[in-house]
Structures are given as C-alpha cells and as structure tokens.
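# Understanding the architecture of this molecule
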Amino acid sequence: MQTEIDPRNLIGRKAFDRNGTKIGTIDEVYLDDATGVPEWAAIRTGLFSRDAFVPLEPSELVEGSLRVPFDRALIKDAPDFGVGRHLSPEQELQLYHHYGLDVASPPSAPDHDFGKLAGSEET
C-alpha cells in the first residue's frame, strides 16, 4: 500500500474485496511497532458484526476506498482479536498465515570474524 497516506485518513473509508463486494468500513489502523508504517486495518463487517483484520500490504487505495485482494469470505473468517488493543507478534503471525502471506524472517547476522579464540595466541 502507499505508505505516504496518513493512516488517520483511512478510518471511515469503505473497504471492498477483490471482486468489488463491499466488506465494510475501516474502524482502526494498526502500525508496525518497529517502522511506524500502517500494517493492518480493522474493518467493521456489519452493523452487529465484528471487526476483521486485513493486511494493508498488498491492499491499495482506489478512488478513496480500500481494495483488499482477498475474497470477502476469507476476510470475514480472519482470526478475531478484538479492536483497540495492540496486536502481539503471535497474533500478527496468525493473520499472515490466514491470508497466505509470507512473513519476512528477521535478517540473519552477518558472518564476521570477531577475533581470536581465547588461548590461541598467534604471533
């Protein structure tokens, strides 16, 4: 998704699935803890329904609405963690798996020679 969009401007916008079927209205936007980039949107799926979390990447803003590249049924079946709370890394992982998205593993530390081993004196 376009990262230059202010996440506060997403709240209240309509969201549609990949077929153009209305999912609901964006209630909240969740930012990545490390980068501050908008990562998840909580979409109110109906008047008496719950909020469903959708990934903002690979979603896109089209003509003022959020277009989510998943079917409405998959979105409505997303794990329910409630809104207004912080998403734990485990909850985020569950959501990534639910949507079949790859989770980037943390970069491995570069392989460096950190010096000599104790007791191995080279001259």
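Residues numbered from 1 in each chain as written. Predicted model: local features only at pLDDT ≥ 70, side-chain atom pairs only at ≥ 80, totals over all residues. Heavy atoms only, no water.

### Some points on the pairing of strand E2 (residues 22–31)
Note the cut-off: Here the rule is simple: two strands pair whenever DSSP picks up at least two bridges between them. Strands are runs of DSSP state E lasting at least 2 residues, helices are runs of H or I lasting at least 4, and numbering of each runs from the N terminus.
In the sheet, strand E1 (residues 14–16) pairs with E2 via three bridges, with the strands oriented antiparallel. Its bridge partner lying in E2, phenylalanine 16 is registered against lysine 22. Where E1 folds back on E2, the antiparallel hairpin that results is connected by five residues, among which glycine 20 adopts a positive phi of roughly 85°. As paired strands, E2 and strand E3 (residues 38–44) are joined by six bridges and run antiparallel to one another. The residue of E3 that forms the bridge with valine 29 is alanine 41.

### Some thoughts on the nonpolar core
Note the cut-off: Only buried residues count toward a nonpolar core. Its members are Ala, Val, Leu, Ile, Met, Phe, Trp, Tyr and Cys residues joined through side-chain atoms within 4.5 Å. Remark: exposure states derive from per-residue accessible area (1.4 Å probe, protein chains only) relative to the maximum for the residue type, with buried under 20%, exposed over 50%, and partly exposed in between. In this description, contact between two residues means that some pair of their heavy atoms is separated by no more than 4.5 Å.
One finds Trp40, Ile43, Phe53, Val54, Leu66, Val68 and Ile75 to be the most contacted residues of the largest nonpolar core, which totals 24 residues. If you list the elements that add at least two residues to this core, you get E2, E3, strand E4 (51–55) and helix H2 (89–98). Among all residues touching isoleucine 75, those that are not within four sequence positions of it are Asp17, Ile23, Arg50, Ala52, Val54, Val68, Phe70 and Tyr99.

### Remarks on the side chain of threonine 45
Here is the rule we go by: Whenever two N or O atoms come within 3.5 Å, that pair is a polar contact, provided that in protein one can donate a hydrogen and the other can accept it, and provided that, for residues adjacent in sequence, both atoms are side-chain atoms.
One can find threonine 45 in the loop between E3 and E4. Within the local environment of threonine 45, its side chain forms a polar contact with the backbone oxygen of arginine 50, the two atoms lying 2.9 Å apart. Non-local contacts of threonine 45, meaning those with residues more than four positions away in its chain, are made with Ile23, Arg50, Ala52, Arg72 and Lys76.

### Brief notes about H2
Side chains three or four residues apart in an α-helix point the same way, a direct result of the helix having 3.6 residues per turn. How we decide: What the arc measures is the spread of directions leading from the helix axis to the C-beta atoms.
Buried residues of H2: Gln91, Glu92, Leu95 and Tyr96, and no others. An end-on view of H2 places all buried positions within 140° of arc, on one side of the element. Exposed residues pointing more than 90 degrees away from the buried face of H2 are listed as Glu90 and His97. Close packing links the buried residues of H2 with E3 and E4. Of the residues one or two after H2, glycine 100 is the one with positive phi, at around 70°.

### Some remarks on the environment of arginine 8
Checked against the element boundaries, arginine 8 lands in the segment before E1. Taking relative accessible area as the criterion, arginine 8 reaches 64% and is therefore assigned exposed. With 20 residues separating them in the primary sequence, arginine 8 and glutamate 28 have C-alpha atoms 8.3 Å apart.

### Things to note about the pairing of E3
Most of E3 is tucked away: six of the seven residues are buried. The hairpin turn running from E2 into E3, its antiparallel successor, is six residues long, and glycine 36 in that turn takes a positive phi close to 80°. Relative to E4, E3 is paired through five bridges, and the arrangement is antiparallel. Bridging from a neighbouring strand, arginine 44 pairs with aspartate 51 of E4. Where E3 folds back on E4, the antiparallel hairpin that results is connected by six residues.

### Some words on the confidence of the model for the chain
For clarity, the threshold we go by: Confidence of the predictor in every single residue is expressed as pLDDT, which spans 0 to 100.
Here the chain averages 84 in pLDDT, while 80% of its residues score no lower than 70. Within the chain, the lowest mean pLDDT, 90, falls on strand E5 (residues 60–62), and the highest, 97, falls on E1.

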